[in-house]
Amino acid sequence: MSTDNNEKLVGAFVEALQIEAITVTDELQYNTIKEWDSVAHMTLVAALEEVFDIMLDTDDIIDMSSVGKAKEILGRYDVNF
Amino acid sequence: MTLISDRFQLTDQVALVTGASRGIGAGIARLYAEAGAHVWLSSRNIADVEALAEELPNARAITLDVSDAASVKAAIMTIRKEAGRLDVLVNNAGVMRPAMLAMSSEADLDMMLDTNLKGAFLCAQLAGRLMVGKKHGVILNMASIMGRIGAPGHSAYCATKAGMIGLTHALAKELAPHNIRVNALAPGFIETDLTSDISGDAREHALAEIGLGRFGTIEDVANAALFLASPAAAYVTGQVLGIDGAMQI
């Protein structure tokens, strides 16, 4: 399950940000690469919501500042890694 | 080659119309269904939209209090689960409590702000997330001529409708990179429950201000709402379309 979820998460980042999968590490942070700007952040949120069938609270969207943080937030929605 | 009629079709598009129990909202829902859309009709009380939903092809009724973020989230999640996407959002739900400034209550001000403006914001916020995922969508905000030229005794209502115009402009710019178009409709005097009690001298005075010499119909507004949602308006975004018979030029 956690492996599946990790693959889904990486897939969402790759598709939404148009980056290589190898780039998607826990340390990757919002606004540190040109591909992850505020416009792409909305695309990423939409992708994560669709792939995990959830709808994030606004505070969590604001708080999603890195891949690691995304995993932590998704855990609150019963998406475990 | 695309037929002219095809440019105004909404075949298999999924649309949500808020405040669809009567008047303009019901009229838009009817025309969208006729144009081939799968329409979700919403109201705070689902019983108010169930009969119309049963009457229309491919229509569903859903409970939605636009002023309540939890209610909006629940409705949008239901639509995503059942329909898989949302192509068109019509922010039509609205309330009007006329009162001169000195006699306007804080409760009425809050009600109009919460329903007319905050409600549209919340619905656009969550519906927009579904649209961003599909890189496609249309949001229509129901403004009013009163939000453009004002009207005595309607300061709070006019403020909410002017706010809708500002919201439309901002969202059009913000959502354009995601291929989501955002426009507003600004009806003038339209024959609805809200205007049915205008009679006698007041009606004559109102008619004198309308170039075409008649009140608009629900169909007049619905036709404009269909155009803005359709492929025919593919390059139209950030606009406020007046439907007022030359009341404001």
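Heads up: the structure comes first, above all this text.
On a predicted model such as this, the values are computed, not experimentally measured, just so you know.

S.K.: Describe in detail the side chain of N141 of chain B, supporting the description with residues and values.
M.R.: Here N141 of chain B lies in strand β5 (residues 137-142). Setting aside residues up to four positions removed in sequence, N141 of chain B forms contacts with N91, A120, M164, L167, T168, V182, N183, A184 and L185 of chain B.

S.K.: Before we move on, could you go through the packing of helix α1 (residues 23-34) of chain B against helix α8 (residues 218-229) of chain B and cite the residues and values that matter?
M.R.: All names here are of chain B. Remark: α1 packs on α8, axes separated minimally by 9 Å, with the N-to-C direction vectors making an angle of 50°. Our classification of the angle between α1 and α8 gives oblique. The interaxial crossing formed by α1 with α8 has right-handed handedness. The residues of α8 that touch α1, namely those facing G23, I24, G27, I28, L31 and Y32, are I218, V221, A222, N223, A225, L226 and A229. For the contact of α1 with α8, the class distribution of residues is 10 nonpolar, 3 polar and no charged.

S.K.: Could you give an account of the packing of helix α1 (residues 2-17) of chain A against helix α2 (residues 38-52) of chain A, naming the residues involved and the relevant values?
M.R.: Residues and elements named next belong to chain A. Orientation of α1 relative to α2, taken along the N-to-C sense of each, is 150°, at an axis distance of 9 Å. Where α1 crosses over α2, the two elements pack in a sense that is right-handed. Between α1, through N5, K8, L9, A12, F13, A16 and L17, and α2, the contact on the second element is made entirely by A40, T43, L44, A47, L48, V51 and F52. A per-class count over the contact of α1 with α2 returns 11 nonpolar, 2 polar and 1 charged.

S.K.: Hey, could you go over the nonpolar core for me, with residue numbers and the actual values?
M.R.: All names here are of chain B. Counting residues in hydrophobic clusters, the biggest one holds 37 residues, and the most contacted among them are L16, I76, L86, L89 and I139. Elements with a contribution of two residues or more to this core: β1 (14-17), α3 (69-83), α4 (106-134), α6 (155-175) and β6 (180-187). Setting aside residues no more than four positions away along its own chain, L86 makes contact with V14, A15, L16, I76, I79, A127, L130 and M131. Counting residues in each nonpolar core, the second largest holds 36 residues, with Y32, A37, A222 and A229 among its members.

S.K.: Which residues make up the interface of chain B and chain A, and what are the values?
M.R.: Frequently, the measure chosen for interface size is the accessible area that the parts lose on association. Opposite the 14 residues of chain B that make contact, chain A presents 14 residues. Around 1,200 Å² of area is buried between chain B and chain A when both sides are counted, 54% of it from carbon and sulfur atoms. Together, K73, R80 and R129 of chain B form the three largest contributors to the area buried by chain B at its contact with chain A, with a combined 50%. At the surface where chain B touches chain A, the tally comes to 4 salt bridges. With a closest N to O distance of 2.4 Å, R129 of chain B and E49 of chain A form a salt bridge. Remark: the boundary between chain B and chain A carries 8 residue pairs in polar contact (both at pLDDT 80 or more). Top contributing element to the side of chain B that touches chain A by residue count: α4 of chain B, with 7 residues. Of the residues in the side of chain B that touches chain A, the class split is 6 nonpolar, 3 polar and 5 charged.

S.K.: For the sheet that holds β1 of chain B, give the residues involved together with the corresponding values.
M.R.: All names here are of chain B. Spatially, the 7 strands line up as an open sheet ordered β3-β2-β1-β4-β5-β6-β7, and their pairing is parallel. The open sheet has two free edges, formed respectively by β3 (59-63) and β7 (240-243), since each of these has just one partner strand. Between one strand axis and the next, the sheet turns through 20° on average, direction left out of account. Relative to β7, β6 runs parallel, the two being bridged by 4 bridges. Directly across from P187, in β7, lies its bridge partner I243.

S.K.: Go over α3 of chain B with me, naming the residues and quoting the values.
M.R.: In a regular helix each residue adds 1.5 Å, so 15 residues correspond to 21 Å; α3 of chain B covers 21 Å between its end C-alpha atoms and thus fits that length. When α3 of chain B is considered as a whole, its buried residues turn out to be S71, V72, A75, I76, I79 and R80 of chain B. One face of α3 of chain B carries all of its buried residues, which in axial projection span an arc of 165°. Exposed positions of α3 of chain B whose direction lies more than 90 degrees from the buried face are A70 and K81 of chain B. Tucked into the core, α3 of chain B has its buried residues touching α2 of chain A together with β1, β2 (38-43), β3 and α4 of chain B. You can read the cap of α3 of chain B off the contacts: a side-chain oxygen lies 3.1 Å from the backbone nitrogen of A70 of chain B, and it is on D68 of chain B. Directly after α3 of chain B, the chain includes G84 of chain B, whose backbone phi takes a positive value near 85°.

S.K.: Describe the pattern of salt bridges, and please don't skip the residues or the numbers.
M.R.: A full pass over the atoms with the stated rule returns 16 salt bridges over all chains. The salt bridge involving D60 of chain A is made with R76 of chain A; its shortest N-O contact spans 2.7 Å. Residue D60 of chain A is located in helix α3 (residues 58-63), and its partner R76 of chain A is located in the segment after α4 (67-75); the two are separated by 16 residues in the primary sequence. Note on D60 of chain A: relative accessible area 9%, which makes it buried. Salt-bridge contacts for R60 of chain B lead to E82 of chain B; the nearest nitrogen and oxygen are separated by 3.6 Å.

Rules used throughout
Residues numbered from 1 in each chain as written. Chains lettered and ligands numbered in written order. Predicted model: local features only at pLDDT ≥ 70, side-chain atom pairs only at ≥ 80, totals over all residues. Heavy atoms only, no water. Helix = DSSP H or I, 4+ residues; strand = E, 2+ residues; numbered from the N terminus. Contact = heavy atoms within 4.5 Å. Axes fitted to C-alpha atoms, helices over the stretch in contact; angles between N-to-C directions. Parallel < 35°, antiparallel > 145°, perpendicular 65-115°, else oblique. Left-handed = near helix turned anticlockwise from the far one by under 90°. Nonpolar A, V, L, I, M, F, W, Y, C, P; charged D, E, K, R; others polar. Core = buried A, V, L, I, M, F, W, Y, C linked by side-chain atoms within 4.5 Å. Buried < 20%, exposed > 50% of the residue type's maximum accessible area, 1.4 Å probe, protein only. Buried area = accessible area lost by both parts, 1.4 Å probe. Salt bridge = Lys/Arg side-chain N within 4 Å of Asp/Glu carboxyl O. Polar contact = N/O pair within 3.5 Å; in protein donor to acceptor, adjacent residues only side chain to side chain. Pairing = 2+ DSSP bridges. Expected span 1.5 Å × (residues − 1). Arc of directions from axis to C-beta.

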